[in-house]
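Understanding the architecture of this molecule
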Amino acid sequence: MQLTISPENPLEWFALRANLVAVPILHVQIMPVLAKAVLEAADKGVFEATKNGPKSLDSLTSELRLNKKALGELLGLLTALGYFTYQDGLFSLTSMARRFALKDDPRSVYGMMIFNNRVVWDWMSQLGTYLETGEGVHYHDKLTPEQWRYYQEAMVAASNTEAPEFGRRAPVPKHARTMLDIGGSHGQHSAALCRRLSGLSSVILDLPEAIDQAAPLLARQNMGDRVRHRPGNALTDDFGDAQYDIVLLSSLAHHFTPEQNQQVADKVARALRPGGVFIVNEFIRPETGARPELLGSSTDLFYGLSSTAGNYSIDEISEWQQRAGLKPHKVVRYRTVPGRAMVVAKK
């Protein structure tokens, strides 16, 4: 699945083929406006204001206390983007927007929208400095309690579609009893596996600051004592010996250097029981020159900016696991999240 520029008629097709379209203008002028428009629409409550039925521009202007001209321009763009339809003077949410942009839908990405608008957008202004110095934001060390809350809601939103597929397809021992979820905060992945395996319980190891904000999110899963938090740090804590049937490292390797990921893999190998599995769940960095994959490439740059680390290839992840003494088991590519995969090794 790719973001592409698609011609709508033969003349546009010819212009693209003949290199007559100034593609960079679309990237630098149009796409930032598209992204910010969607983010602000979520933050200003535009989607929520229309969830119970179509609304006119006048009605939305009054309800949201926004400028009529500016809101009309925003709604026009959102209609072109497929978030709204417009008929008889009324704006109606599309099924896509209703599923993914409203707060309460199980697959909503609303939390990610708010985090990106209120926190991440400012980070992008530091991309030039990152390119000059190689030093990223290191945001885990700088988030305020409020930003931690936004961050945890964003992580839930990012996992709303992924976690159910993870629960169905993760190649884990059928009779697994114990799981360590490193950096799992909100608990969606642990909960998904525990629902699949009735005898499984999971411990989520995460930073105390993360747990402070993630505890209410885990409570939403209604898993009781089967999924619980343990404050700690993956880089400094010992995971024990032969204690777990499953160890999950999801969306955390991209914050660590290769050396740190190797240290974690070594500790995981000791903590696994024979037959246990180590799952690294990540966006995968495509090799330079390979088939274009925008999600893997863009998140690689973004994680570099935000954490001075980045994405890794499947071969790199597998090498950490093998150096730790584990055997390659499976690579499971997600159907619902392009560019993402589980890289699984077994003890």
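Residues numbered from 1 in each chain as written. Predicted model: local features only at pLDDT ≥ 70, side-chain atom pairs only at ≥ 80, totals over all residues. Heavy atoms only, no water.

Bringing the overall build of the protein chain into the picture now. Along the backbone of the protein chain there are 15 helices and nine strands. Reported as C-alpha extents along the three principal axes, the dimensions of the protein chain are approximately 65 × 50 × 35 Å. Taking all 347 residues of the protein chain together, the buried fraction comes to 45%. Here the protein chain has roughly 17,800 Å² of accessible surface; of this, 54% comes from carbon and sulfur atoms. Charged side chains of the protein chain number 38 positive and 37 negative; the gap between the two group centres comes to 8 Å. (Helix = DSSP H or I, 4+ residues; strand = E, 2+ residues; numbered from the N terminus. Buried < 20%, exposed > 50% of the residue type's maximum accessible area, 1.4 Å probe, protein only. Areas by Shrake-Rupley, 256 points an atom, 1.4 Å probe, with all protein chains shown as cover. Lys, Arg positive; Asp, Glu negative; His and termini not counted. Charge placed at Lys NZ, Arg CZ, Asp CG, Glu CD.)

Here helix α10 (residues 162-169) crosses helix α11 (residues 188-196) at 40°, and the two axes come no closer than 8 Å. Taken together, the axis directions place α10 and α11 in an arrangement best described as oblique. Once α10 is placed against α11, the crossing between them reads as right-handed. Facing α10, whose interface residues are E162, A163, F166, G167, R168 and R169, α11 presents Q188, H189, A192, L193 and R196. Looking at the contact of α10 with α11, its residues break down into four nonpolar, three polar and four charged. (Axes fitted to C-alpha atoms, helices over the stretch in contact; angles between N-to-C directions. Parallel < 35°, antiparallel > 145°, perpendicular 65-115°, else oblique. Left-handed = near helix turned anticlockwise from the far one by under 90°. Contact = heavy atoms within 4.5 Å. Nonpolar A, V, L, I, M, F, W, Y, C, P; charged D, E, K, R; others polar.)

Its 14 residues give helix α7 (residues 110-123) an end-to-end C-alpha distance of 19 Å, which sits within 8% of 20 Å, the value for a rise of 1.5 Å per residue. Taking the largest bend as the criterion, α7 deviates by roughly 50°, centred on N116. Buried within α7 we find Y110, G111, M113, I114, F115, N117, V119, V120 and W123. Of the surrounding secondary structure, the elements contacted by the buried residues of α7 are α2 (23-43), α6 (95-100), α8 (127-133), α9 (145-159) and α14 (294-307). (Expected span 1.5 Å × (residues − 1). Bend = angle between axes of the 7 residues up to and from the residue.)

Okay, the environment of R118 next. Mapped onto the elements of the fold, R118 is located in helix α7. Spatially, the C-alpha atom of R118 lies 20 Å from that of A70, the residues being 48 residues apart in sequence. Those residues within four positions of R118 in sequence are excluded, and the remaining contacts are D43 and Y150. Here the side chain of R118 touches D43 through a polar contact of 2.5 Å, side chain to side chain. (Polar contact = N/O pair within 3.5 Å; in protein donor to acceptor, adjacent residues only side chain to side chain.)

To continue, consider the side chain of N261. Looking at the element boundaries, N261 is found in helix α13 (residues 258-271). Leaving out residues up to four positions away in the same chain, N261 has contacts with L249, A253, F256, Y312 and W320.

So, on to the nonpolar core. Counting 38 residues, the largest nonpolar core has V46, F47, L78, F84, F115 and W123 as its most contacted members. Listing elements by their share of this core, those giving two or more residues are α2, α3 (46-49), α4 (57-64), α5 (68-80), β2 (90-93), α7 and α9. Per element, the largest residue contribution to this core is seven residues, and it comes from α7. With sequence-adjacent residues up to four places away left out, F115 is seen in contact with V120, W123, Q147, Y150, Y151 and A154. Core analysis: the next-biggest nonpolar cluster, separate from the first, contains 30 residues, L180, A234, I314 and I317 among them. (Core = buried A, V, L, I, M, F, W, Y, C linked by side-chain atoms within 4.5 Å.)

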